[in-house]
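The chain contents come next:
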Amino acid sequence: MSENDFFCDLTATPASHLQTAVFYEIKDMLRGQTATIVFAEDPAITLHSLNLQLRNNLRWEISRDAAGRWQAVIHRAEDVPPTDVLDALKRDHKRLDAMFSQVIHLTDSKQLTAAHAIMRAFVEGLRKHFAVEHDILARAIRTVPDAFGFDPTAAMLQEHAEILNQSVMIELSFEETDASSASIAPLLAILAGYFSKHEQREETSLFPVWTGALNKAPDEARAALLVRVLGILDGVRYAT
Ligand SMILES: [Fe+2]
Ligand SMILES: [Fe+2]
C-alpha cells in the first residue's frame, strides 16, 4: 500500500449506512490507488450494489483476518486488466462514450479542429469494436429470433450500419468549408441518443447470450479469445 492509498475501518458503521460510507471513502480515489476497508460483516452485497450505481467502475478482493473481520481492497476497474471478452467490450463502450462526449464538448466550444481529430479516432474505434462483435462473436454464436421474429444479432448488425453511416457523415461534415458548431451539433445530438440506446440494448439483450455461450468454452479457448480481442481493440491501454 502506498501513502496515497486509502484505509478505513467501518466495523462500527451500521449496515444501513455502509454503502454511503464506502462511497465517501472511494469517491476521490485516483487511477492506481486502492482503498482498504475493514468491515464487521461480509461486504459483498454492499459493494455490488454500490458498483451498480457507479456503472461498474469498481473491482475488489475480499479476505478475512484471524479476528474474523472482513477486509476489502478496492480498485478502479480500469486498473485491473479485463477479465473476459464481454468485460473488454463493456469497457470499450465506456471509452467510445467518453470520446464521443469530448467531440460534443469541443464542438459546442467551437474547437472544430480538435473535435474533428477525436471524431476520426471515434470512427476508427467503432470499426474495431464492430469487427470483434461481427467477425468473432456474431459469427460464432448464433441467436434465434423470438416469437415476434426479433433476433438480437440482426438488430445489432442493422444498428451498427446506421451508427457507422451517421458517424462517417459527421466526420465528413467537419471537412466542409462552411462547417460550424451550429451545423454539426444537431447531428451529434441525434447520434448521441441513438448510440447510447444501442449500447444499453446490446448489453442487456445480446451480451448475456454471448456470456452464456463463452462460459461453455474451455478455459484455454476463452483466454486465447481474450488475447485476440484485446489485440483488435488495442488492449495495450488496459495493461496495468
Ligand atoms: Fe458493442
Ligand atoms: Fe454495438
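This is a predicted model, so every value here is computed, not measured.

**Remarks on the coordination of the iron ion (ligand 2)**
Alright, step 1. Every protein donor of the iron ion (ligand 2) is accounted for by His160 (NE2), His198 (NE2), Glu202 (OE) and Glu202 (OE), and the metal-donor separations fall at 2.1 to 2.8 Å.
Alright, step 2. With relative accessibility at 2%, the residue His198 sits in the buried group.

**Thoughts on helix α7 (residues 219-233)**
Alright, step 1. Relative to the 21 Å expected for 15 residues at 1.5 Å per residue, α7 spans 21 Å between its end C-alpha atoms, a close match to the ideal helical length.
Alright, step 2. The complete set of buried residues in α7 reads Leu225, Leu226, Val229, Leu230 and Leu233. What you see down the axis of α7 is that its buried residues fit within an arc of 135°, all on one side. Structural note: α7 exposes Glu220, Val227 and Gly231 on the side pointing more than 90 degrees away from its buried face.

**Remarks on the side chain of His129**
Alright, step 1. With respect to the helices, strands and loops of the structure, His129 is situated in helix α4 (residues 112-140).
Alright, step 2. A relative accessible area of 1% means that His129 is categorised as buried.
Alright, step 3. Reaching out from His129, the side chain makes a polar contact with the side chain of His93 at a distance of 3.1 Å.
Alright, step 4. Residues in contact with His129, not counting those within four places in the same chain, are Leu89, Asp92, His93, Leu96, Glu202 and Leu233.

**Examining the packing of aromatic side chains**
Within a pair of aromatic rings, the relevant descriptors are the distance that separates the centres and the angle that separates the planes.
Alright, step 1. Going through the model one piece at a time under the given rule, you end up with 5 aromatic pairs.
Alright, step 2. Aromatic pair Phe207 and Trp210: ring centres 5.6 Å apart, planes at 25°, arrangement stacked. A residue pair is termed a helical-turn pair when its members lie 3 or 4 positions apart in one helix, as Phe207 and Trp210 do in helix α6 (residues 181-215) at 3 residues.
Alright, step 3. Trp210 gets classed as buried once you look at its relative accessible area, which sits at 0%.
Alright, step 4. A connected cluster of aromatic rings, assembled from ring pairs, spans Phe100, Phe122 and Phe195.

**A closer look at the domain arrangement of the chain**
Alright, step 1. When its domains are assigned, the chain resolves into domain 1 (6-79) and domain 2 (85-238).
Alright, step 2. Centre-to-centre, using C-alpha coordinates, domain 1 lies 31 Å away from domain 2.
Alright, step 3. Each side of the interface is counted separately: domain 1 has 6 residues, and domain 2 has 5 residues.
Alright, step 4. Roughly 440 Å² of surface becomes buried between domain 1 and domain 2 when both sides are summed, with 20% attributable to carbon and sulfur atoms.
Alright, step 5. The salt bridge partner of Arg59 is Asp87, with a shortest N-O separation of 3.2 Å.

Reading guide: rules and limits
- Residues numbered from 1 in each chain as written.
- Chains lettered and ligands numbered in written order.
- Predicted model: local features only at pLDDT ≥ 70, side-chain atom pairs only at ≥ 80, totals over all residues.
- Heavy atoms only, no water.
- Donors = N, O, S within 2.8 Å, 3.2 Å for Na, K, Ca; no water.
- Buried < 20%, exposed > 50% of the residue type's maximum accessible area, 1.4 Å probe, protein only.
- Helix = DSSP H or I, 4+ residues; strand = E, 2+ residues; numbered from the N terminus.
- Expected span 1.5 Å × (residues − 1).
- Arc of directions from axis to C-beta.
- Polar contact = N/O pair within 3.5 Å; in protein donor to acceptor, adjacent residues only side chain to side chain.
- Contact = heavy atoms within 4.5 Å.
- Phe/Tyr/Trp six-rings, centres within 6.5 Å; stacked < 30°, edge-to-face > 60°.
- Domains from an automatic or database assignment.
- Buried area = accessible area lost by both parts, 1.4 Å probe.
- Salt bridge = Lys/Arg side-chain N within 4 Å of Asp/Glu carboxyl O.

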